[in-house]
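Summary of structural features
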Amino acid sequence: MPDPTALNAARRAADLAALAEGEPLDVVVIGGGITGAGIALDAASRGLRVALVEKHDLAFGTSRWSSKLVHGGLRYLASGNVGIARRSAVERGILMSRNAPHLVHAMPQLVPLLPSMSRGKRALVRAGFLAGDALRMLAGTPSSILPRSRRVGPGRVLQMAPTVRREGLDGGLLAYDGQLIDDARLVTAVARTAAQHGARILTYVAASKATGTAVGLTDQRTGESFDVSARAVINAAGVWAAEIDDMLRLRPSRGTHLVFDAAAFGNPTAALTIPIPGELNRFVFAMPEQLGRVYLGLTDEAAPGPIPDVPTPSGDEVAFLLDTVNTALGVALGPADVIGAYAGLRPLIDTGEGRTADVSREHAVVESSSGIISVIGGKLTEYRYMAQDVLDRAVSVRRLRAARCRTHNLPLIGAPGNPGAAGTGPVGGLPASLVRRYGAEAAKVVATATCKRPTEPVGEGVDVIRAEFEYAITHEGALDASDVLDRRTRIGLVESDRERVAAVAEEFVERFG
């Protein structure tokens, strides 16, 4: 019997054929980012017949370019938006305790107390961290999952962030937030869990001519086109949403991150958190990440004009991030230390003038005159809530027969309690990096592998094993080498690493695709 959690070329072909032959659908979701995947899971778990279509790969757009954080909403509280702050804290707790405890863990955020930081600024940050503690408690997230904030001494600061400037260091303020092992991996887990509940997940299928009850589909790999009908069409195309419904008005902003070898920061164990000079509530973060890297971000720049498939950082953004982090470091970092960079576009709702940094991160559900139901705006942390909101609207206006939302307590693939990894054995003895990425499913990744030397790294110095490449193709819907390198793993963020293992990825796609 086929694995109901597995996405691969054979399942894609069968699902496309079923739709082309007129299989009835309740919901078509356009967009394979975190919001679209969340809607597909919500719909399928309520018993609805759902298909998700994405013109590229899962997590191709904004959903793979985030800071990999599951924010508790502290920034929004500081700006007076109590509603989104509380929802963010609640959704963070749901992810960390029930939906995906294997993918989201507590990340220490360390603000070093240096002479350049005024007494008033220190008090403001400390008050903010205490407010974050209150948000955590209000959301019902125990301190065993997210520890309380506190002040630490200079020695502890240097243990956690060894390259912090030592002269005048007066300790640090330490708080905790949620950190994803990877954002694209969360999207894949949500999409596979939707498939586990019967959703048809179709990548490289473009949508066109959408109305409230029909959409034209084109297989990007063969060029074949056909129309499908559904009782509801939901537009979750993110920054491309206006291409589906031209009545929408978005104002994208670009967020850039730089990638470093973790050794450049002394292999830190906390996210170094640096206040941006002249800003009340914005910081730059240097965050320890998987594969021995540190990501430094984040900018917030207006990005008018045509939407590129892959945004690129600007020179000014690179300089801004380096200049800001160097205010807190003992040894300055320069462009030569940067081994990779990425940028993503936030799908902000156009509310008029003002800086994009000040535009609300609220989402909106909009029904157009054609009947298309769109969800725009929002944040990754709130994807589950956004999915519930738009699907509740679709159920109501289209009179769909559906159960109540179940996703509050639904464990994703790899989480304890999801049956997808049943019978494949314990994860003890497996590489720690594999368990961090796959959770309870880690043993299955190795147990189902048919390649030679499944537990060997795919390349020298790359913390990904060969079984992961095979699993990406046989179970996670990767159809080409870019899917494997740039989204199922994040090897491609460093071009030199990508070049070393590209031929291996191509070999696996040819054999298992």
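Residues numbered from 1 in each chain as written. Predicted model: local features only at pLDDT ≥ 70, side-chain atom pairs only at ≥ 80, totals over all residues. Heavy atoms only, no water.

What follows covers the nonpolar core. Within the largest apolar cluster, 80 residues are counted, with the highest numbers of intra-cluster contacts made by V27, I39, L186, I201 and L391. Top element by residues in this core is helix α7 (residues 183–196). It accounts for eight residues. A domain split of this core shows at least three residues from each of domain 1 (9–63 + 184–247 + 359–409) and domain 2 (106–180 + 251–352). Not counting chain neighbours up to four residues away, the residues in contact with I201 comprise L7, D15, A40, L52, L58, A191, A194 and A195. One finds V464, A467, I473 and I491 within the second-largest nonpolar core, a separate group that totals 28 residues. (Core = buried A, V, L, I, M, F, W, Y, C linked by side-chain atoms within 4.5 Å. Buried < 20%, exposed > 50% of the residue type's maximum accessible area, 1.4 Å probe, protein only. Helix = DSSP H or I, 4+ residues; strand = E, 2+ residues; numbered from the N terminus. Domains from an automatic or database assignment. Contact = heavy atoms within 4.5 Å.)

This part covers the sheet that holds strand β11 (residues 232–235). Strand order across the open sheet formed by six strands is β7-β2-β1-β11-β19-β18, with mixed pairing between neighbours. Looking at which strands have only one partner, the edges of the open sheet turn out to be β7 (200–203) and β18 (363–367). Geometrically, the sheet is characterised by an average inter-axis angle of 15° between neighbouring strands, direction not taken into account. Bridge analysis of strand β2 (residues 50–54) against β7 gives four bridges, and the strand direction is parallel. Within β7, the position partnered with V53 by the bridge is L202. (Pairing = 2+ DSSP bridges. Axes fitted to C-alpha atoms, helices over the stretch in contact; angles between N-to-C directions.)

In this section: the side chain of R293. With respect to the secondary-structure elements, R293 resides in strand β15 (residues 293–297). Among the polar contacts made by the side chain of R293, one reaches the main-chain carbonyl oxygen of R490 at a distance of 2.7 Å. Here the side chain of R293 touches D497 through a polar contact of 3.1 Å, side chain to side chain. Apart from the residues lying within four places of it in its own chain, the contact partners of R293 are V259, F260, A262, M287, P288, R490, I491, L493, V494 and D497. (Polar contact = N/O pair within 3.5 Å; in protein donor to acceptor, adjacent residues only side chain to side chain.)

What follows is about the sheet that holds strand β10 (residues 225–229). In space, the three strands of this open sheet follow the order β8-β9-β10, with antiparallel pairing throughout. The open sheet has two edge strands with one neighbour each: β8 (205–208) and β10. Between one strand and the next, the sheet's axes are offset by a mean angle of 30°, whatever the strand orientation. Of the pairings in the sheet, the one linking β8 to strand β9 (residues 214–219) comprises four bridges and is antiparallel in character. Looking across to β9, one finds that V205 is bridged to D219. Its contacts with the sheet put helix α1 (residues 9–20) on β8, β9 and β10, and the angle it makes with β10 is roughly 65°.

This part covers the pairing of strand β6 (residues 172–180). Most of β6 sits out of view: nine of its nine residues are buried. Bridge analysis of strand β3 (residues 69–70) against β6 gives two bridges, and the strand direction is antiparallel. Bridging across to β6, L69 finds its partner in Q179. Both strand β4 (residues 104–112) and β6 contribute to a ladder of nine bridges, which runs antiparallel. Across the sheet, the residue bridging to L110 is L174, located in β6. Pairing geometry for strand β5 (residues 150–152) and β6, over three bridges, is antiparallel. Across the sheet, R150 pairs through a bridge with L174, a residue of β6.

Looking now at unusual backbone geometry. Most peptide bonds take the trans form, and the phi angle of most residues other than glycine is negative. Of note, N267 is a non-glycine position whose phi angle comes to about 50°, a positive value. Along the chain, N267 falls in the loop between β12 (253–261) and β13 (271–275). Accessibility expressed as a relative area gives 51% for N267, which makes it exposed. The phi dihedral of L291 falls on the positive side, at around 65°, and the residue is not glycine. The topology assignment puts L291 in the loop between β14 (283–289) and β15.

Any functional reading would require information beyond the geometric quantities listed.
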